[in-house]
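Chain by chain, the residues:
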Amino acid sequence: MPKPESQQPITPPRIPRRTLLKTLPLVGAFSLPAVHALGAAQSPGPRKLRWAGWQVGMTYQSPQPGGMTRDGLMRLVDEMAEHRMNLLSLMMQSYGYFDPGHDGYAWPVRNETLKPYRDDKATNAQPQTEFVREAIRQAADRNIQVQLFLNWGIWNPARIRQGYPTAVVQQTREQAAAGGNPKGWLHCPDSPGAWQAGLDEAADLLTFYDDPNVTSFGLERLSYGGPRECFCRHTQDRFHADTGESLLDADAAIVTSWKARRIAAALKDFAAHVRRVKPGTSVWLHTQCSPSWGHSPAAMQANGIDALMPHTIQFPETKDQIHAKLRRLAPNPCVLHFCTRDVRPQNYKLWIKTPEILADAFAAVASYPGDNLAGLLFFNPHATSPRNRRAVYEHLRRFDLG
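One structure accompanies this document, and this report is about it. Note that this is a predicted model, so its numbers are computed, not measured.

1. Here we look at the overall build of the chain
Along the chain, the regular secondary structure elements total ten helices and 15 strands. Looking at the chain as a whole, 60% of its 402 residues are labelled buried.

2. Overview of the packing of helix H6 (residues 233-243) against helix H7 (residues 252-277)
Contact pair H6 / H7: the axes reach a minimum separation of 11 Å and the direction vectors enclose 95°. Considering their axes alone, H6 and H7 lie roughly perpendicular with respect to each other. Between H6, through Thr235, Arg238, Phe239, Asp242 and Thr243, and H7, the contact on the second element is made entirely by Ile254, Val255, Trp258, Arg261 and Arg262. Grouping the constituent residues of the contact of H6 with H7 by class yields four nonpolar, two polar and four charged.

3. Re unusual backbone geometry
The residue after Glu229, namely Cys230, is reached through a cis peptide bond having omega 5°. Note on placement: Cys230 falls in the loop between strand S9 (214-221) and H6. With phi around 70°, Arg84 is a residue other than glycine that occupies positive phi space. Within the secondary structure, Arg84 is located in the loop between helix H1 (70-82) and strand S5 (87-91). A positive phi angle, near 60°, is found at Cys289, a position not held by glycine. Inspection of the secondary structure assignment puts Cys289 in the loop between strand S10 (282-286) and strand S11 (307-308).

4. A look at empty space enclosed by the protein
For the structure shown, the criterion picks out two cavities of 30 Å³ or more. Its volume calculated, the second largest cavity comes out at about 40 Å³. The wall of the second largest cavity is formed by Tyr224, Glu229, Cys230, Phe231, Thr235, Leu247, Val255, Trp258 and Lys259. Among the elements that make up the lining of the second largest cavity, the one with the highest residue count is H7 (three residues).

5. Looking at the nonpolar core
Core analysis: the biggest nonpolar cluster contains 120 residues, and Leu73, Leu90, Leu148, Tyr209, Phe217, Phe270 and Leu376 have the highest contact counts within it. Excluding residues that lie within four positions of it along the chain, Phe217 makes contacts with Gln147, Leu148, Leu150, Ala202, Leu205, Leu206, Phe270, Val274, Thr281, Ser282, Val283 and Trp284.

6. What about the environment of Pro310?
For Pro310, the location among the structural elements is in the loop between S11 and strand S12 (311-312). Given a relative accessible area of 0%, Pro310 falls into the buried group. Here the alpha-carbon distance between Pro310 and Leu329, two residues 19 residues apart in the chain, equals 8.9 Å. In this structure Pro310 touches His286, Thr287, Gln288, Lys325, Leu329, Cys334, Val335, Leu336 and His337, once residues within four positions along its chain are discounted.

Each value, and the rule that gives it
- Residues numbered from 1 in each chain as written.
- Predicted model: local features only at pLDDT ≥ 70, side-chain atom pairs only at ≥ 80, totals over all residues.
- Heavy atoms only, no water.
- Helix = DSSP H or I, 4+ residues; strand = E, 2+ residues; numbered from the N terminus.
- Buried < 20%, exposed > 50% of the residue type's maximum accessible area, 1.4 Å probe, protein only.
- Axes fitted to C-alpha atoms, helices over the stretch in contact; angles between N-to-C directions.
- Parallel < 35°, antiparallel > 145°, perpendicular 65-115°, else oblique.
- Contact = heavy atoms within 4.5 Å.
- Nonpolar A, V, L, I, M, F, W, Y, C, P; charged D, E, K, R; others polar.
- 1 Å grid on protein atoms, 1.4 Å probe; cavity = no way out; pocket = protein on both sides within 12 Å on 5 of 7 lines; lining within 4 Å.
- Points joined across faces, edges and corners; volume = space filled by probe spheres on them.
- Core = buried A, V, L, I, M, F, W, Y, C linked by side-chain atoms within 4.5 Å.

Next up, the structure:
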């Protein structure tokens, strides 16, 4: 399974114990005491943000077998409105590698080729119990825009190949030399089945939820897995066609430069596809722009990517590291994919958050001096405890959301 870009956790700084209980009104079941972290550095004035909201997995890390319920999503929309949030991102798939109880698409897929990857257990994936359409309208009434989100190429290989037999998992050089026996779930954009599956899933999702309040489409990846991937036969053929050289014999610097050109072209084609399906849709990419992924900050806007959603405190990060990341991603607008979770997925060494950790992260973000910070997208309510949820709302007060 592909690792996130921050592969080497940094030892977190010592965090002083400095919490105070106070009351913060929340909606419905969340009317509980709030946690307020004291002592964090304050910005000179309210930091302006264009976007603030939750990204929720419709099934990913949900404690219910059917994933998010209608009532649960409606309560979340009301809670967001209460706390001035204006963006709801819906992650419309899950993967059993990290969440054994949920795997596949969480909407009523209509494309026959994609149907083998529909999560039959998901409540929203059944035509008779689908409720996201209603939630999109409820969000519009509360001035909350909706984003639909998918993880490009991160699929259960046994299931996706039922509809797309030429979809290939990314391979290392050693696997390719040995004839290819890759493990993991990250598929190669050079394999025709994987490329077509990505186009088809975006089109099916955007046409099913063809609503004016769906204003953006977000995706993770559409990339190579890292410095050791991909060397499958499709990537070898593509590299040879572009350069006339053998990928297996090429210098590492040449490969890295080619990856950037190849993935830039793929992102441009994909973003154009999204806008053909739903004109006017904004396209956001969940990335920190690792060169080994083939993601270059300088190429993003020219290739149709309107905003970046970099991992933030997924693993330990200091203020200086957060600021350096934002500077490196400039001039792209960044909506930080801000991890608030204190429930760890399977097979994933997530940094468990506390209200104190969240307080320091908010302070770091608020003090960033650059102008490419566009918003905060908190992930994931299913795996965020009530105390961390309260901390999010408390510290969001320091920002000007217009």
